[in-house]
Amino acid sequence: MRHSWCRVVSTGKRILLAIPPTGLFLRDRCEAVALKSMMVQDIRPPMDLAYMAALLEAAGHKCRIGDYAASGGDWSQVSKDLSSFAPTALMVSTTSTTIDEDMKICRLAKERDPQTLTIAKGGFLYVEDRQVLERFADLDVAIRKEAEYFIAQIVDSADLSRVRGITHRQNERIIRNPDPSSRADLDQLPLPARHLLDHQLYRRPDTGAPLSVVLAGKGCSAECIYCSGKPFTGSVVRSRNPLAVADEMKHCVDEHGISDFLVQTDNISHDKEWILTLCQQLVERRVGATW
């Protein structure tokens, strides 16, 4: 059964999902510098963009992921891709450290076509959404919450005021829409669009083997005052079915030749039976995965 965000429509827009060439950062809610040297390489694939691309493709759109920071691309490559791909919408992954430089890609997109819808996601936008839109006139939409749940609605919507969890520009006004009233079932998400990623860019820091990230769950019931998890993913733990996680890992081994994984969740020790079931499935299926 498909959720409404996976319903296929015939709009056929082109969306570029981009990490600008502004430094190697882990661009999820917990921003951090990604290390890259002869001894250490900790550059993770942008699975949030891959999930968004999968949802957009399911809605009938054509997507391209440009991780210019990891690939060593420069602004000339960005300009070339904007010209050749001619995106209808641009989705930018940004951080509080790189926002000033990152927004150059929105300016370039608007210079090519002023009608291009420009969207940004980044952990700090939960609190600095309005300030960022006020500072950068070429940005149309800031996503405050879990971006993958709103991207298809944003791209397809004729009225952005109906899309929860975003702050957007409406003529001369900046409108902060309400937060979503509920959080989505992770088992309803499609597999991320790994076919749009260059897997040679993302490797384990200890062995150099190709690495992928598998989403296992979101949410944590702890009340740690220093953690940004609760505003973004909530205090209720939402775990994917461990059989589905094992299926995804086997898919990566069989289809992409990737057998090394970072299992991503806010609290993997929340449910002992969940971990035991996943391990049992990996053994029974002879997945041969390291994680």
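Please read these numbers as outputs of a predicted model, since none were measured by experiment.

Peer 1: Just to check I follow, could you spell out the sheet that holds strand 5 (residues 89-93) for this structure?
Peer 2: Paired through backbone hydrogen bonds, the strands of a sheet run either parallel or antiparallel to each other. Here we have seven strands laid out as an open sheet, ordered 4-1-5-6-7-8-9, and mixed in their pairing. Both edges of this open sheet fall to strand 4 (62-67) and strand 9 (173-176), since each of them pairs with a single strand only. Adjacent strand axes in the sheet meet at a mean angle of 20°, parallel and antiparallel pairs treated alike. Bridge count for strand 1 (residues 14-19) against strand 5 is four bridges, and the pairing is parallel. When the bridges of strand 5 are listed, Leu17 appears paired with Met91. The sheet contacts of helix 1 (residues 47-58) involve strand 1, strand 4, strand 5 and strand 6 (117-121), and relative to strand 1 the element is tilted by about 175°. Here helix 3 (residues 75-85) sits on the sheet and contacts strand 1 and strand 4; the angle it forms with strand 4, its principal contact strand, is near 175°.

Peer 1: Would you mind showing me how to read helix 10 (residues 272-284) here?
Peer 2: Each α-helix winds once per 3.6 residues, and so residues spaced three or four apart point in a common direction. The end-to-end C-alpha separation of helix 10 is 18 Å, in line with the 18 Å expected for 13 residues at 1.5 Å each. Along helix 10, the residues that are buried comprise Trp274, Leu278, Gln281 and Leu282. When helix 10 is viewed along its axis, its buried side chains cluster within an angular range of 100° and face the same direction. Counted as exposed and oriented over 90 degrees from the buried face of helix 10: Lys272, Glu273, Val283 and Glu284. Check the buried side of helix 10 and you find it contacts strand 12 (238-239) and helix 9 (242-256). A positive backbone phi angle near 50° is found at Arg286, which sits one or two residues after helix 10.

Peer 1: What exactly am I supposed to notice about the packing of helix 3 against helix 5 (residues 104-112) here?
Peer 2: Packed helices, taken two at a time, are described by the angle their axes make and the gap between the axes. The N-to-C vectors of helix 3 and helix 5 enclose an angle of 35°; their axes lie 10 Å apart at closest approach. Here helix 3 and helix 5 pass one another in a crossing that is right-handed. Contact residues: Trp75, Val78, Ser79, Leu82 and Ser83 in helix 3; Lys104, Ile105, Leu108, Ala109 and Arg112 in helix 5. Tallied by class, residues from the contact of helix 3 with helix 5 come to six nonpolar, two polar and two charged.

Peer 1: Looking at this model, I keep getting lost on the environment of Thr95. Mind explaining?
Peer 2: Tracing the backbone shows Thr95 in the loop between strand 5 and helix 4 (99-102). Overall, the relative accessible area of 0% leaves Thr95 in the buried class. Separated by 48 residues in sequence, Thr95 and Met47 place their C-alpha atoms 16 Å apart. Here the side chain of Thr95 touches Thr98 through a polar contact of 2.8 Å, side chain to side chain.

Peer 1: Would you explain the pairing of strand 1 in this entry?
Peer 2: Remember that side chains alternate between the two faces of the sheet whenever the strand is regular. By the criterion of burial, strand 1 is predominantly enclosed, with five of the six residues buried. Note that strand 1 and strand 4 share six bridges and pair parallel. Looking at strand 4, one finds that Ala18 is bridged to Gly66.

Peer 1: Is there a simple way to think about the nonpolar core in this case?
Peer 2: Soluble globular proteins tend to bury their nonpolar side chains together. Within the largest apolar cluster, 38 residues are counted, with the highest numbers of intra-cluster contacts made by Leu17, Leu56, Met91, Ile119, Ile143 and Ile154. Elements with a minimum of two residues in this core: strand 1, helix 1, strand 4, strand 5, strand 6, strand 7 (141-143), helix 7 (151-156) and strand 10 (211-215). For this core, the leading source of residues is helix 1, giving nine residues. In this structure, Ile143 is in contact with Met91, Ile119, Ala120, Lys121, Gly122, Leu125, Phe150, Ile154, Gly165 and Ile166, ignoring residues within four places of it in sequence.

Peer 1: Would you take a moment to explain the pairing of strand 6 for this structure?
Peer 2: Counting buried positions along strand 6 gives five out of five residues, so the element sits mostly inside the fold. Side-chain alternation along strand 6 places Leu117, Ile119 and Lys121 on one buried face and Thr118 and Ala120 on a second face that is also buried. Taken together, the five bridges between strand 5 and strand 6 define a ladder with parallel strand orientation. Directly across from Met91, in strand 6, lies its bridge partner Ile119. With three bridges joining them, strand 6 and strand 7 adopt parallel strand pairing. Its bridge partner lying in strand 7, Ile119 is registered against Val141. Assessed by its sense of winding, the connection that carries the chain from strand 6 through helix 6 (residues 125-135) to strand 7 is right-handed.

Peer 1: Is there a simple way to explain the packing of helix 9 against helix 10 in this structure?
Peer 2: Interaxial distance between helix 9 and helix 10 falls to 9 Å at its minimum, and their mutual angle equals 35°. Our pair here, helix 9 against helix 10, has a crossing hand that is right-handed. Contact residues: helix 9 offers Pro242, Leu243, Val245, Ala246 and Met249, while helix 10 offers Trp274, Thr277, Leu278, Gln281 and Leu282. When grouped by side-chain class, the residues that make up the contact of helix 9 with helix 10 number eight nonpolar, two polar and no charged.

About the criteria used
Residues numbered from 1 in each chain as written. Predicted model: local features only at pLDDT ≥ 70, side-chain atom pairs only at ≥ 80, totals over all residues. Heavy atoms only, no water. Pairing = 2+ DSSP bridges. Helix = DSSP H or I, 4+ residues; strand = E, 2+ residues; numbered from the N terminus. Axes fitted to C-alpha atoms, helices over the stretch in contact; angles between N-to-C directions. Contact = heavy atoms within 4.5 Å. Expected span 1.5 Å × (residues − 1). Buried < 20%, exposed > 50% of the residue type's maximum accessible area, 1.4 Å probe, protein only. Arc of directions from axis to C-beta. Left-handed = near helix turned anticlockwise from the far one by under 90°. Nonpolar A, V, L, I, M, F, W, Y, C, P; charged D, E, K, R; others polar. Polar contact = N/O pair within 3.5 Å; in protein donor to acceptor, adjacent residues only side chain to side chain. Core = buried A, V, L, I, M, F, W, Y, C linked by side-chain atoms within 4.5 Å. Right-handed = clockwise from strand over helix to strand, strands pointing away.

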